[in-house]
Amino acid sequence: PRASAAAGAGRRVRVCAHRGCSTSHPENTLPALRAAVALGCEQVEYDVRLSADGKPVLLHDGTVDRTTDGAGSVWELSYEQLAALDASGGEREFAGARIPTLEEALQAVPPSVEMNVHVNPGPTDCEALTRLVCAALLRHGRLESSFVTGNEDVMEAVLQCEPRVRRCMGSRPPEVYEEYGCYGIQPRNHLTDAALCEEAHAAGRLVWPFYANDEDEMRRLVEAGVDGILTDVPQTLMALLRAR
């Protein structure tokens, strides 16, 4: 459905928890996703990569070095090796947190919460990863409550394997969004203004910029007419929206 082109306070703004509640919980883990759901976020974003043996898992970086006690590229590690890593960030409260599978994420996020599934391929696995993500969304009946975000290669792969899956891209020229039939766009926050929102809404696309953690920037984006905001501090955005 086409969104209204009117900008400003009358537009419902969705709170999107970036990598789950990633400030208060280890990013892209089940505790982070469940916290976002419990908080009442309308949308949850998470990153998906493929293990060496073909298992879709939640991880942003190409390596496990930053977010776990392990080392190495995710596409060179088996799922068994990935599952053995500690992803708690050294926080005792989250002891036992692991790199979850896409299947576990789908079970943790109910259909009432929209999923922004950011597909991050490795050097050679774009088609395989995208195909598995699309199949999982279809199998779980999530075509109406999810979308895939990615680059041009990911968009091509979605169109080839399951065009019913809704698509989203980051900052691109409008003709690129048109070419891939984007449901939504995810421009960088500093590029997002009222003119961009009006143009996107006139084309029937929703706008949720990446990202805003500062209240002043959140307020600016809301007033520009965005449909949602990716944030690491969803509780802050929720409080701001309630105050409005």
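Everything below is about the structure printed above this text.
Residues numbered from 1 in each chain as written. Predicted model: local features only at pLDDT ≥ 70, side-chain atom pairs only at ≥ 80, totals over all residues. Heavy atoms only, no water.

S.K.: I'd love a proper account of the nonpolar core, names of residues and values included.
M.R.: Counting residues in hydrophobic clusters, the biggest one holds 54 residues, and the most contacted among them are Y46, V133 and V148. Per-element tally for this core: the top contributor is helix α4 (residues 126–139), with six residues. Once residues lying within four places of it in the same chain are set aside, the contact partners of V148 are V117, V119, V133, L137, V154, M155, V158, V165, R166, R167 and C168. V57, L82, L85 and I99 belong to the second-largest nonpolar core, a separate cluster that totals nine residues. (Core = buried A, V, L, I, M, F, W, Y, C linked by side-chain atoms within 4.5 Å. Buried < 20%, exposed > 50% of the residue type's maximum accessible area, 1.4 Å probe, protein only. Helix = DSSP H or I, 4+ residues; strand = E, 2+ residues; numbered from the N terminus. Contact = heavy atoms within 4.5 Å.)

S.K.: I'd love a proper account of unusual backbone geometry, names of residues and values included.
M.R.: Of the consecutive residues F210 and Y211, the connecting peptide bond is found in the cis state with omega at 5 degrees. Here Y211 lies in the loop between β8 (206–207) and α8 (215–224). Despite not being glycine, R19 shows a phi value in the positive range, around 60 degrees. Within the fold, R19 resides in the loop between β1 (14–18) and α1 (30–39). Even without a glycine there, the phi angle at N28 is positive, about 55 degrees. Here N28 lies in the loop between β1 and α1.

S.K.: Account for the pairing of strand β9 (residues 228–231), naming residues and giving values.
M.R.: The alternating pattern of β9 places G228 and L230 and I229 and T231 on opposite faces, both of which are buried. Of the pairings in the sheet, the one linking β1 to β9 comprises four bridges and is parallel in character. Across the sheet, residue C16 finds its bridge partner in β9, namely L230. (Pairing = 2+ DSSP bridges.)

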